[in-house]
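These are the residues of each chain, in order.
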Amino acid sequence: MILPQTYAATLFLMVLSMLCWGSWANAYKMAGKWRFELFYFDYAIGLLITAVVVALTAGSMGFDGFSLMDDLMHAGKHQWFFGLLGGVVFNLANMLLMAAIAVAGMAVAFPVGIGLALIIGVVLNYLIKPAGNPALLFGGCVLVLVAIVVDAWAYNLLGKLRHEKLARAGQAKSTRRPTSFKGVVLALVGGLLMGSFFPLLEKGKEGETGLGPYSIALLFAIGVFLSTFVFNLFFMNLPVEGEPLELTAIFTSKPKQHLLGLLGGAIWCVGGIASFVAASAPAEIHVGPAISYAMGQGATLISTLWGLLVWKEFADADTKVKSLVVIMLALFAIGLTMIALAPQIAPGT
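Here goes a summary of the coordinates provided.

Conventions adopted
- Residues numbered from 1 in each chain as written.
- Predicted model: local features only at pLDDT ≥ 70, side-chain atom pairs only at ≥ 80, totals over all residues.
- Heavy atoms only, no water.
- Helix = DSSP H or I, 4+ residues; strand = E, 2+ residues; numbered from the N terminus.
- Rg over C-alpha atoms; globule rule 2.2 N^0.38 Å.
- Buried < 20%, exposed > 50% of the residue type's maximum accessible area, 1.4 Å probe, protein only.
- Contact = heavy atoms within 4.5 Å.
- Areas by Shrake-Rupley, 256 points an atom, 1.4 Å probe, with all protein chains shown as cover.
- Lys, Arg positive; Asp, Glu negative; His and termini not counted.
- Charge placed at Lys NZ, Arg CZ, Asp CG, Glu CD.
- Phe/Tyr/Trp six-rings, centres within 6.5 Å; stacked < 30°, edge-to-face > 60°.
- Lys NZ or Arg CZ within 6 Å of the ring centre and 35° of its normal.
- Salt bridge = Lys/Arg side-chain N within 4 Å of Asp/Glu carboxyl O.
- Expected span 1.5 Å × (residues − 1).
- Axes fitted to C-alpha atoms, helices over the stretch in contact; angles between N-to-C directions.
- Parallel < 35°, antiparallel > 145°, perpendicular 65-115°, else oblique.
- Left-handed = near helix turned anticlockwise from the far one by under 90°.
- Nonpolar A, V, L, I, M, F, W, Y, C, P; charged D, E, K, R; others polar.
- Patch = residues over 30% accessible without salt bridge, like charges linked within 9 Å, V, L, I, M, F, W, Y side chains within 5 Å.

**Let's talk about the overall build of the protein**
Line of reasoning, step 1. Within the protein one finds 12 helices and 0 strands.
Line of reasoning, step 2. Reading the protein from its N terminus to its C terminus gives the helix and strand order α-α-α-α-α-α-α-α-α-α-α-α.
Line of reasoning, step 3. The C-alpha radius of gyration of the protein comes to 21 Å, within 12% of the 20 Å expected for a compact globule of 349 residues.
Line of reasoning, step 4. For the C-alpha atoms alone, the extent of the protein along its principal axes is close to 70 × 60 × 30 Å.
Line of reasoning, step 5. Across the 349 residues in the protein, those meeting the buried criterion constitute 51%.
Line of reasoning, step 6. When contacts within the protein are restricted to residue pairs at least 6 apart in sequence, long-range pairs at least 24 apart make up 85% of them.
Line of reasoning, step 7. In the structure as shown, the protein presents an accessible area of about 16200 Å², 71% of it carried by carbon and sulfur atoms.
Line of reasoning, step 8. Distance between charge centres in the protein, computed from 20 positive and 17 negative side chains, equals 14 Å.

**Quick word on the packing of aromatic side chains**
Line of reasoning, step 1. Per the counting criterion, the structure on display carries 21 aromatic pairs.
Line of reasoning, step 2. On the numbers, 6.3 Å between centres and 65° between planes, the contact of Trp21 with Phe198 is edge-to-face. With Trp21 in helix H1 (residues 7-23) and Phe198 in helix H8 (residues 181-205), this residue pair connects regions lying 177 residues apart in the sequence.
Line of reasoning, step 3. Members of the aromatic cluster, connected to one another through ring pairs, are Trp21, Phe90, Phe197, Phe198, Phe220, Trp268 and Phe276.
Line of reasoning, step 4. One Lys or Arg, Lys77, reaches over the ring of Trp80 and ends 5.7 Å from the middle of that ring.

**Remarks on the pattern of salt bridges**
Line of reasoning, step 1. Inspection of every chain in the model, using the stated rule, returns 5 salt bridges.
Line of reasoning, step 2. Measuring nitrogen to oxygen at the nearest pair gives 2.9 Å for the salt bridge that ties Glu313 to Lys29. Here the residue Glu313 occupies a position in the loop between helix H11 (289-310) and helix H12 (319-341), and Lys29 occupies one in helix H2 (residues 26-30), the gap between them amounting to 284 residues.
Line of reasoning, step 3. The residue Glu206 makes a salt bridge to Lys203 at a minimum N-O spacing of 3.3 Å.
Line of reasoning, step 4. Residue Glu206 is classed as partly exposed on the basis of its relative accessible area, which comes to 42%.
Line of reasoning, step 5. The class for Lys203 is partly exposed, based on a relative accessible area of 37%.

**Details of H12**
Line of reasoning, step 1. For H12, which comprises 23 residues, the first-to-last C-alpha distance of 33 Å matches the rise-based estimate of 33 Å (1.5 Å per residue) to within 8%.
Line of reasoning, step 2. Buried residues of H12: Val321, Leu324, Val325, Met328, Leu329, Leu331, Phe332, Gly335, Leu336, Ile339 and Ala340, and no others.

**Observations regarding unusual backbone geometry**
What you tend to see is this: most non-glycine residues have negative phi, and most peptide bonds are trans.
Line of reasoning, step 1. Phi is positive for Lys312, which is not a glycine, with a value near 50°.
Line of reasoning, step 2. Structurally, Lys312 is set in the loop between H11 and H12.

**Some details on the environment of Gly207**
Line of reasoning, step 1. With respect to the helices and strands, Gly207 occurs in the loop between H8 and helix H9 (213-237).
Line of reasoning, step 2. Classification of Gly207 as exposed rests on a relative accessible area of 61%.
Line of reasoning, step 3. Sequence separation between Gly207 and Ala31 is 176 residues; the distance between their C-alpha atoms is 43 Å.

**Points about the packing of helix H3 (residues 36-56) against helix H5 (residues 77-104)**
Line of reasoning, step 1. The N-to-C vectors of H3 and H5 enclose an angle of 140°; their axes lie 10 Å apart at closest approach. The angle between the axes of H3 and H5 places the two elements in the oblique class. Judged by the sense of rotation from one axis to the other, the crossing of H3 with H5 is right-handed. Across the interface between the two elements, Phe36, Phe39, Tyr40 and Tyr43 of H3 pack against Phe90, Asn91, Asn94, Met95, Met98, Ala99 and Ala102 of H5.
Line of reasoning, step 2. Per-class residue counts for the contact of H3 with H5 are 9 nonpolar, 2 polar and no charged.

**Observations concerning H3**
Line of reasoning, step 1. Taking 1.5 Å per residue, 21 residues should reach 30 Å; H3 reaches 30 Å between its end C-alpha atoms and fits that length.
Line of reasoning, step 2. Buried residues dominate H3, accounting for 15 of its 21 residues.

**Re the packing of H5 against helix H6 (residues 106-128)**
Line of reasoning, step 1. Where H5 meets H6, the closest approach of the two axes is 7 Å, and the angle between their N-to-C directions is 145°. Crossing of H5 against H6: the hand is right-handed. Between H5, through Leu97, Ala100, Ile101 and Ala104, and H6, the contact on the second element is made entirely by Met106, Val108, Ala109, Phe110 and Ile114.
Line of reasoning, step 2. Taken together, the residues of the contact of H5 with H6 sort by class into 9 nonpolar, no polar and no charged.

**Quick look at the environment of Ala340**
Line of reasoning, step 1. Mapped onto the elements of the fold, Ala340 is located in helix H12.
Line of reasoning, step 2. Considered as a pair, Ala340 and Leu157 are 183 residues apart in the sequence and their alpha carbons are 32 Å apart.

**What to know about a nonpolar patch on the surface**
Line of reasoning, step 1. Residues Leu305, Trp306, Leu309 and Val310 make up a contiguous nonpolar surface patch of about 350 Å² in total accessible area.
Line of reasoning, step 2. Mapped onto the elements, Leu305 comes out in helix H11.

None of the figures reported here should be taken as evidence of function without further support.
Encoded structure:
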């Protein structure tokens, strides 16, 4: 299998991962008025195809003579199980995140959902293996939590502004003001699950019979693909918005939409494999933990900026709401920086 041999190659993979994970949802936005449930079938297929292609090429090449099949056969069945389970858990979390994007947009779903996943990951890791400066770690978590609250507040105010505009124009369907409850809750539940799939993948990679990066990416993708047909039927029959969908609705979608769904899955998978491979680089060329963590979570800020600057999800907001969004971004960035620096600074310094 091909692994990075220089620090620059490892750093490049981490930058690629950050860009891909921060940008894949643009494929859904580009598809127009297309239900996320239908998008997700193609997304799962695109993710699996990409994982298979990369596993059979980069995962079976290189000078070490250790092919993909060698890695799979060498690994234990428990490692296989954790790789598949990681894909299943991620998939439910990601579908909830997609539902939140459909309801509230990228600028709400990602900071709220992935922000919560970040907090959960930091707290669990510290409880399991205390390391780093606790003041910076938990101070950063508090700032990220405040950023989540501010983002939800801004989204709630925006909904009220939009309702008032429709009411003045006589187009409001109800006199009752809407709340941000549904979109925020979907993102929060997705974030709870999103913080759980990485430890499962780590279990699949640990030990002498652990899986390599390409093998675990393949099993992860299979878990995503197979579970899509279970979870998505639930979302189609009990939709978060709109009417229930029949499975045949997938055949009424436009070819462009199918291609965008495949592209979205492929982009996420490239980012995932880049992250797995960078983490498997030799110790002497590992990127420092501060840079590694900042880049891994920097995808959240990238996706939020896509939603704000390209898709104009808060374009009709007033000055107060826009100020809250700026405050949210600043709090999230500062909190992330504090968490990233915590392993480098000894407690009490």
